[in-house]
Amino acid sequence: MIDDELRTRLAADGRTIYEIAGLCCCETDVLYRFRDGKDIRLATAAKLANVLGLRLTPTKSTTKRKSPRKTKT
């Protein structure tokens, strides 16, 4: 999963959370909470991935999506 990969790379990176947060333009407490298991927004994950040298790319899904439920009117 993306969060596991980001956490692994974040832990392995030689820079401090403070330095990475500055490069991501996000709050340090957001990255500390993420490192400790909390969620982050997709926009923050994309910025973090960029700083950590990762690239988010689409892949073909191997699971079928459920069709949206029809609402009664």
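Rules of the game
Residues numbered from 1 in each chain as written. Predicted model: local features only at pLDDT ≥ 70, side-chain atom pairs only at ≥ 80, totals over all residues. Heavy atoms only, no water. Salt bridge = Lys/Arg side-chain N within 4 Å of Asp/Glu carboxyl O. Helix = DSSP H or I, 4+ residues; strand = E, 2+ residues; numbered from the N terminus. Buried < 20%, exposed > 50% of the residue type's maximum accessible area, 1.4 Å probe, protein only. pLDDT = per-residue confidence, 0-100.

Asks: Even after reading the chapter, I still don't get the pattern of salt bridges, so can you show me in this structure?
Replies: When the charged atoms of two side chains lie near each other, side chains of opposite charge can form a pair. Under the defined criterion, the tally for this structure stands at five salt bridges. Linking Asp 29 and Arg 33 is a salt bridge whose minimum nitrogen-to-oxygen distance equals 3.1 Å. With Asp 29 and Arg 33 both in helix α3 (residues 28–35) and four residues apart, the pair spans about one turn of that helix. The class for Asp 29 is partly exposed, based on a relative accessible area of 36%. Residues Arg 35 and Asp 36 are paired through a salt bridge, measuring 3.2 Å at the closest nitrogen-oxygen approach. For Arg 35, a relative accessible area of 43% gives the class partly exposed.

Asks: What should I look at first to understand the confidence of the model for the protein in this one?
Replies: Detailed reading of the predicted coordinates is not advisable wherever pLDDT falls low. Averaged over every residue, the pLDDT of the protein is 87; the share at 70 or more is 85%. Helix α2 (residues 17–24) holds the highest mean pLDDT among the elements of the protein, 95, whereas helix α1 (residues 2–12) holds the lowest, 91.

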